[in-house]
Amino acid sequence: MIRYKQLLEDVRACTLCEANLEHGVRPVLQFHPHAKILVAGQAPGRKVHETGVPFDDASGKRLRQWMGIDEAVFYDPKKVAILPMGFCYPGTGKSGDLPPRTECAAAWRENLMAKFEGLELTLLIGQYGLAWHMPSATGKLTETVRDWKLHLPDNLPLPHPSPRNNIWLKKNAWFEDEVVPALQKRVKRALE
């Protein structure tokens, strides 16, 4: 069995989809087997690709606010693991970033997930994380997020915290009224 440090080195050295990435490979993730919370996101954006720091952008700022934690806690890999469905920036399409490359999840996700020793909460951000971690969840993302109570205590589906989702957040005010306070309580409990 591969030790987690070697697995992490292997992931960071991955070039599986190099030929398909216009901006090159730069796997961005944060992992430690003792993490209590997993952020299962989509893929790094352009800014994150440049810095190499997960959620080092407006989406990350909003996500940390939703979670009720600061950067010190968020970037502590023994507290929060950040494993997007695609580890490299997929590039830009007509209406935003392209979907995450599927090679990452196929090659690495099961091995990484098997290394967790005390995971208490998985935040499923957007449709791609939701589809991999909760394939039985049917319907649209909005419906699944609206039914958030059904997935606790282990999972909590969330919309993507991107500023591109401001319209969704305005249309679905219940999310910040109901889900965010519950998310903050669940995060606090997981980190105790």
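These numbers come from a predicted model, not from an experiment.

> Sorry if this is basic, but what is going on with the environment of Leu 7 here?
The topology assignment puts Leu 7 in helix α1 (residues 4–12). Residue Leu 7 is classed as buried on the basis of its relative accessible area, which comes to 2%.

> How do you make sense of helix α5 (residues 102–115) when you look at a structure like this?
Note: α-helices contain 3.6 residues per turn, so residues at a spacing of three or four share the same orientation. Taking 1.5 Å of rise per residue, 14 residues should cover 20 Å, and α5 covers 21 Å from first to last C-alpha, within 8% of that figure. The sharpest bend along α5 comes to roughly 45°, located at Trp 108. Within α5, the full set of buried residues consists of Cys 104, Ala 105, Trp 108, Arg 109, Leu 112 and Lys 115. On its buried side, α5 packs onto α1, β1 (37–40) and α6 (126–133).

> What is the right way to look at unusual backbone geometry in this model?
A negative phi holds for most residues other than glycine; trans holds for most peptide bonds. In this structure, Pro 153 follows Leu 152 across a cis peptide bond, with omega equal to 10°. Looking at the secondary structure, you find Pro 153 in the loop between α7 (141–146) and β6 (155–158). The phi dihedral of Phe 55 is positive, around 55°, even though this residue is not glycine. With respect to the helices and strands, the residue Phe 55 is situated in the loop between α2 (46–51) and α3 (58–67).

> Would you explain the pairing of β6 in this entry?
Put simply, side chains in a regular strand alternate between the two faces of the sheet. A two-sided burial pattern is seen for β6, the buried positions comprising Asn 155 and Pro 157 on one face and Leu 156 and Leu 158 on the other. Where strand β5 (residues 121–125) meets β6, four bridges bridge the pair, whose relative direction is parallel. Note on β6: the bridge partner recorded for Leu 123 is Leu 156.

> Looking at this model, I keep getting lost on the state of the cysteines. Mind explaining?
Two cysteines form a disulfide when their sulfur atoms are joined by a covalent bond. Tallying each qualifying case throughout the model produces zero disulfides. Here Cys 14 is not disulfide-linked; the sulfur of Cys 104 is the nearest cysteine sulfur, at 5.7 Å. Cys 17 supplies the cysteine sulfur nearest to Cys 104, a cysteine that is in no disulfide, at a spacing of 5.0 Å.

Conventions we followed
- Residues numbered from 1 in each chain as written.
- Predicted model: local features only at pLDDT ≥ 70, side-chain atom pairs only at ≥ 80, totals over all residues.
- Heavy atoms only, no water.
- Helix = DSSP H or I, 4+ residues; strand = E, 2+ residues; numbered from the N terminus.
- Buried < 20%, exposed > 50% of the residue type's maximum accessible area, 1.4 Å probe, protein only.
- Expected span 1.5 Å × (residues − 1).
- Bend = angle between axes of the 7 residues up to and from the residue.
- Contact = heavy atoms within 4.5 Å.
- Pairing = 2+ DSSP bridges.
- Disulfide = S-S within 2.5 Å.

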